[in-house]
Protein chains: 2
Amino acid sequence: MKANLPESAKRLIERLAELPSIGPRQATRLAFYLVAQGGDAIHGLARDLDELGRVKICERCFFVHQNPGRLCHICESPSRDPGVIMIVEKETDLLSLENTGKYTGRYCILGIIPKTGILEEWQKLRLQNLKRFIEKELGGQAKEVILAFNPTSAGDFNASLLMKELAPLAKTVSRLGRGLPTGGEIEFADDETLGSALERRS
Amino acid sequence: MKANLPESAKRLIERLAELPSIGPRQATRLAFYLVAQGGDAIHGLARDLDELGRVKICERCFFVHQNPGRLCHICESPSRDPGVIMIVEKETDLLSLENTGKYTGRYCILGIIPKTGILEEWQKLRLQNLKRFIEKELGGQAKEVILAFNPTSAGDFNASLLMKELAPLAKTVSRLGRGLPTGGEIEFADDETLGSALERRS
């Protein structure tokens, strides 16, 4: 298929096709779209990418930042409670939670939990890092650790494990509420959701 | 949502979200994926993009190329019949047709035909360019012009128009065959397709 393309286009299509949720067909279409936009637009995108390459990862919560120091703006902020830590899977989950404007603690990004439920080695290291932080900086006990994993079987499984594992390190270990989504309709809620909503009625 | 991100990440996400078939959510996920890959991977992608920015557009058929001259490798090839020209909508259509190994003529890329069926000004200029080529280089008449547009109403509409418009400029103006796709099942073919297959039985 790509035999007839210039080398540079082939190489870029291969790179783009390696990105998550972009297949070879979409990668090819993107490359042609970019060529049609012209050299200036392409070089502009390349410059923005190079800039992104200078983004750093917070050494405490693993969120992205461009601060001169080692910590992101959330971990550095004096108005955020260091004793309350929410463990999330993804950066985008953190952004959604920040968007609610209802959380004033800090975070720890664990990475997407594999479907098998078994954490990767680097994910275990992030949990070690969190425990070390609680021991050294919070005197061995956090006020609260909130487990904000996706409500999937892999997420629930790890949440159960961590509830026990972190119990000695926090006054409270909690999980996000389960029930009807706001704006949802009871008629269309699945059994699991409706069951949770019943159990956790308030 | 993006208020909490470094400037460079915000800018890249905005750029990515402008690309066709990539929404803001996928753009955000891609940016985080790239950051997780690390600076080297990101700078590599930026370098490949810069290379792509040097790709040229063939002055005759509008396909991409990196030759020193003005023409792509298909237009330059002495083994391709310059008197047979296939008008396609997209570069990817050209690649699919090349892949069949059954075509030895040349191409003219018209660009995606708008859903309204009305061609853009730059698309009309490409047709002008084709007519000029036939007049100057083929003595006023091509052997064959093949219209290879998508079998949609906009594609069919423009094919009908061009059949008449190009009739004086080619011995034959043809269109790609219509009928059952190979490997398809009659049971699941839509009425239009099955009707075409009946009409054009051979």
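Residues numbered from 1 in each chain as written. Chains lettered and ligands numbered in written order. Predicted model: local features only at pLDDT ≥ 70, side-chain atom pairs only at ≥ 80, totals over all residues. Heavy atoms only, no water.

A.B. asks: Where do I start with the overall build of chain A in this structure?
C.D. replies: Within chain A, the secondary structure is distributed over eight helices and six strands. Taken from N to C terminus, the helices and strands of chain A fall in the order α-α-α-β-β-α-β-α-β-α-β-α-β-α. For a compact globule of 202 residues, the expected C-alpha radius of gyration is about 17 Å, and chain A comes in at 22 Å, more than 25% above that figure. Sorting the 202 residues of chain A into buried and exposed places 47% on the buried side. Of the contacts formed within chain A by residues at least 6 apart in sequence, a portion of 44% connects residues at least 24 apart. Within the structure as shown, chain A displays about 11000 Å² of accessible surface, and the carbon and sulfur contribution to it stands at 52%. The averaged location of the 27 negative side-chain charges in chain A is 4 Å from the averaged location of its 28 positive side-chain charges. (Helix = DSSP H or I, 4+ residues; strand = E, 2+ residues; numbered from the N terminus. Rg over C-alpha atoms; globule rule 2.2 N^0.38 Å. Buried < 20%, exposed > 50% of the residue type's maximum accessible area, 1.4 Å probe, protein only. Contact = heavy atoms within 4.5 Å. Areas by Shrake-Rupley, 256 points an atom, 1.4 Å probe, with all protein chains shown as cover. Lys, Arg positive; Asp, Glu negative; His and termini not counted. Charge placed at Lys NZ, Arg CZ, Asp CG, Glu CD.)

A.B. asks: For this particular structure, what's the right way to read the sheet that holds strand E5 (residues 142-148) of chain A?
C.D. replies: For sheets, the rule is that strands pair by backbone hydrogen bonds, running either parallel or antiparallel. Residues and elements named next belong to chain A. In spatial order, the strands read E4-E3-E5-E6; together these four strands make up an open sheet with parallel pairing. Every other strand in the sheet has two partners, leaving strand E4 (106-109) and strand E6 (170-175) as the edge strands with one partner each. For this sheet, the mean inter-axis angle between neighbouring strands, taken without regard to orientation, is 20 degrees. As paired elements, strand E3 (residues 84-88) and E5 share five bridges and run parallel to each other. Bridge pairing in E5 places Val88 opposite Ala148. (Pairing = 2+ DSSP bridges. Axes fitted to C-alpha atoms, helices over the stretch in contact; angles between N-to-C directions.)

A.B. asks: How do you make sense of the interface of chain B and chain A when you look at a structure like this?
C.D. replies: Interfaces are often sized by the accessible area lost when the parts come together. Each partner contributes residues to the interface: chain B has 50 residues there, and chain A has 50 residues. Taking both partners together, chain B and chain A bury about 5000 Å²; carbon and sulfur atoms supply 69% of that area. Along the contact surface separating chain B from chain A lie four salt bridges. The interface formed by chain B and chain A holds 10 residue pairs in polar contact (both at pLDDT 80 or more) in total. Sort the elements by how many residues they give to the side of chain B that touches chain A and helix H3 (residues 39-52) of chain B lands first, with 12 residues. Its residues assigned to classes, the side of chain B that touches chain A comprises 26 nonpolar, 15 polar and nine charged. (Buried area = accessible area lost by both parts, 1.4 Å probe. Salt bridge = Lys/Arg side-chain N within 4 Å of Asp/Glu carboxyl O. Polar contact = N/O pair within 3.5 Å; in protein donor to acceptor, adjacent residues only side chain to side chain. Nonpolar A, V, L, I, M, F, W, Y, C, P; charged D, E, K, R; others polar.)

A.B. asks: I keep staring at the nonpolar core and nothing clicks. Help me out?
C.D. replies: The nonpolar side chains of soluble globular proteins are, as a tendency, buried together. Residues Phe63, Ile87 and Leu147 of chain A together with Phe63, Ile87 and Leu147 of chain B are the most contacted members of the largest nonpolar core, which totals 122 residues. Excluding residues within four positions of it along the chain, Ile87 of chain A makes contact with Cys108, Leu110, Leu127, Leu130, Val145, Ile146, Leu147, Ala148, Phe149 and Leu166 of chain A. (Core = buried A, V, L, I, M, F, W, Y, C linked by side-chain atoms within 4.5 Å.)

A.B. asks: For this particular structure, what's the right way to read the relation of the copies chain B and chain A?
C.D. replies: Note that the two copies of the chain are related through a rotation about an axis and a translation along the same axis. Least-squares fitting of chain B to chain A yields an RMSD of 0.1 Å, with the transformation described by 0.0 Å of translation along the axis and a rotation of 180 degrees. Here the two chains are linked by the operation of a two-fold rotation axis. Across chain B, the smallest distance between a C-alpha and the rotation axis is recorded for Ala46 of chain B, namely 2.2 Å. An overlap of 100% is found between the interface residues of chain B and their copies at the interface of chain A, pointing to a shared contact surface. (Least-squares fit on C-alpha atoms with pLDDT ≥ 70 in both.)

A.B. asks: Can you help me understand the UniProt feature "domain: Toprim" (unreviewed entry) in chain A in this one?
C.D. replies: Here, the residues flagged by UniProt with the feature "domain: Toprim" (unreviewed entry) are residues 83-181 of chain A. Helix makes up 40% of residues 83-181 of chain A and strand 22%, whereas the separation of the span's terminal C-alpha atoms amounts to 29 Å. (UniProt positions renumbered as here; feature names shortened; annotations may be inferred.)

A.B. asks: I would appreciate a short explanation of the confidence of the model for chain A in the present structure.
C.D. replies: Parts of the model with low pLDDT should not have their predicted coordinates read in detail. Counting all residues, the mean pLDDT for chain A is 90, and 98% of those residues have values of 70 or more. Per the prediction output, this complex has pTM 0.74; the corresponding ipTM is 0.75. (pLDDT = per-residue confidence, 0-100.)

A.B. asks: Help me understand a negative patch on the surface in this model?
C.D. replies: All names here are of chain A. On the surface, Asp190, Asp191, Glu192 and Glu199 cluster together into a negatively charged patch. Relative to the helices and strands, Asp190 is located in the loop between E6 and helix H8 (191-199). Judged by its relative accessible area of 41%, Asp190 is partly exposed. (Patch = residues over 30% accessible without salt bridge, like charges linked within 9 Å, V, L, I, M, F, W, Y side chains within 5 Å.)

A.B. asks: Honestly, the packing of aromatic side chains in this entry has me stumped. Any pointers?
C.D. replies: Any aromatic ring pair is given by two values, namely how distant the centres are and how the planes are angled relative to each other. Within this structure, the stated rule accounts for four aromatic pairs over all chains. Centre to centre, the rings of Phe32 of chain A and Phe63 of chain B are 6.3 Å apart; their planes meet at 40 degrees, and the pair counts as tilted. Taken together, the residues Phe32 of chain A in helix H2 (residues 24-37) and Phe63 of chain B in the loop between strand E1 (56-57) and strand E2 (64-65) connect one chain to another. Considered together, Phe32 of chain A and Phe63 of chain B belong to a single accessibility category, that of buried residues. The ring of Phe62 of chain B has Arg126 of chain B sitting right over it, with the charged end atom 4.2 Å from the ring centre. (Phe/Tyr/Trp six-rings, centres within 6.5 Å; stacked < 30°, edge-to-face > 60°. Lys NZ or Arg CZ within 6 Å of the ring centre and 35° of its normal.)

A.B. asks: When you look at helix H5 (residues 91-99) of chain A in this model, what are you seeing that I'm missing?
C.D. replies: Because an α-helix completes one turn every 3.6 residues, residues spaced three or four positions apart along the sequence face the same direction. Along H5 of chain A, seven of the nine residues are buried, which leaves the element largely enclosed by surrounding structure. Within H5 of chain A, burial applies to Glu91, Thr92, Asp93, Leu94, Leu95, Leu97 and Glu98 of chain A. If you follow the buried residues of H5 of chain A, they end up packed against helix H4 (73-76), E3, E4 and E5 of chain A together with helix H2 (24-37) of chain B. Once H5 of chain A finishes, Gly101 of chain A follows within two positions and takes phi at roughly 70 degrees, a positive value.

A.B. asks: Which parts of the structure should I look at to understand the domain arrangement of chain A?
C.D. replies: We note that the domain assignment places domain 1 (7-52) and domain 2 (56-175) within chain A. For domain 1 of chain A versus domain 2 of chain A, the separation of C-alpha centres amounts to 34 Å. (Domains from an automatic or database assignment.)

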